[in-house]
Amino acid sequence: ELAVVFGPEHAKALSLRGKILGMKGQLGQAEEMLRRARDLDPEDPQAHFELGVFFDSRKRNAEAVEAFERAIQLDPGNPSAYDYLALNLEPMGEIERADQAYRQGLKVSSQSRFDQFLDYNYGRFLVKQHRLEEAKKHLDRAVTLAPDTRAVHYEHGKLMLALGKPAAAVADLEKAINLPDPGNFVLDLQIFYLLSHAHARLGQPELAKKYAELSRQA
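By the element assignment, Val143 lies in helix α9 (residues 132-145). Using a relative accessible area of 19% as the deciding quantity, one classes Val143 as buried. Considering only alpha carbons, one finds Val143 and Leu163, 20 residues apart in sequence, at a separation of 17 Å. Residues in contact with Val143, not counting those within four places in the same chain, are Val152, His153 and His156.

With that settled, the discussion passes to a nonpolar patch on the surface. On the surface, Leu2, Val5 and Phe6 cluster together to form a nonpolar patch covering roughly 390 Å² of accessible area. Looking at the secondary structure, you find Leu2 in helix α1 (residues 2-6). Judged by its relative accessible area of 60%, Leu2 falls in the exposed class.

Okay, the nonpolar core next. Ranked by size, the top nonpolar core spans 53 residues in total, and within it Leu85, Tyr154 and Ile191 carry the most contacts. Beyond its immediate chain neighbours, meaning those up to four positions away, Ile191 contacts Arg150, Tyr154, Leu173, Ala176, Ile177 and Val186.

Thresholds applied
Residues numbered from 1 in each chain as written. Predicted model: local features only at pLDDT ≥ 70, side-chain atom pairs only at ≥ 80, totals over all residues. Heavy atoms only, no water. Helix = DSSP H or I, 4+ residues; strand = E, 2+ residues; numbered from the N terminus. Buried < 20%, exposed > 50% of the residue type's maximum accessible area, 1.4 Å probe, protein only. Contact = heavy atoms within 4.5 Å. Patch = residues over 30% accessible without salt bridge, like charges linked within 9 Å, V, L, I, M, F, W, Y side chains within 5 Å. Areas by Shrake-Rupley, 256 points an atom, 1.4 Å probe, with all protein chains shown as cover. Salt bridge = Lys/Arg side-chain N within 4 Å of Asp/Glu carboxyl O. Core = buried A, V, L, I, M, F, W, Y, C linked by side-chain atoms within 4.5 Å.

As structure tokens, then:
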């Protein structure tokens, strides 16, 4: 706040202030700050990236895509920009472009510039496209990269169920239910529902009934 007061034309201070305001829910001010930062330094890829993240959080997909494409033009080695670009192309029905963005993000990802959830997001995308064997490669890796993330184990468990491996699905889903999820990306009822189906396939009707009831209660 003081940095912006003393340097109202300091783009990086404006960008960071906008990011914080967005996290606090002051959305109008956040967008204003982020737009000012971008306009003051239009050649700074991070300014476009942060504005894109703001649009992504508001599900303003077309605006997010425009911001991330510009960020990539200015900094083609940022894997997270490709990840976000793909995530915003998906709901717009731009499936082929999303696929290309995910693959390019994985291509430029390196030890120094690494996106922990790129394999997870691409794996989820591939499951939705019914490309299950390809998805397994990426979701297997996602479990290794983010072992304490509920959503990762949930998606891996869902994939195992789709691949006809209910015992492996149960193992994943039991891990998922015991992990915190402060963002509420995966609800308990979703995990209970899949556990019910997995136990049913394993010929365990009592456990299937138990988790079906837990899902209804949740």
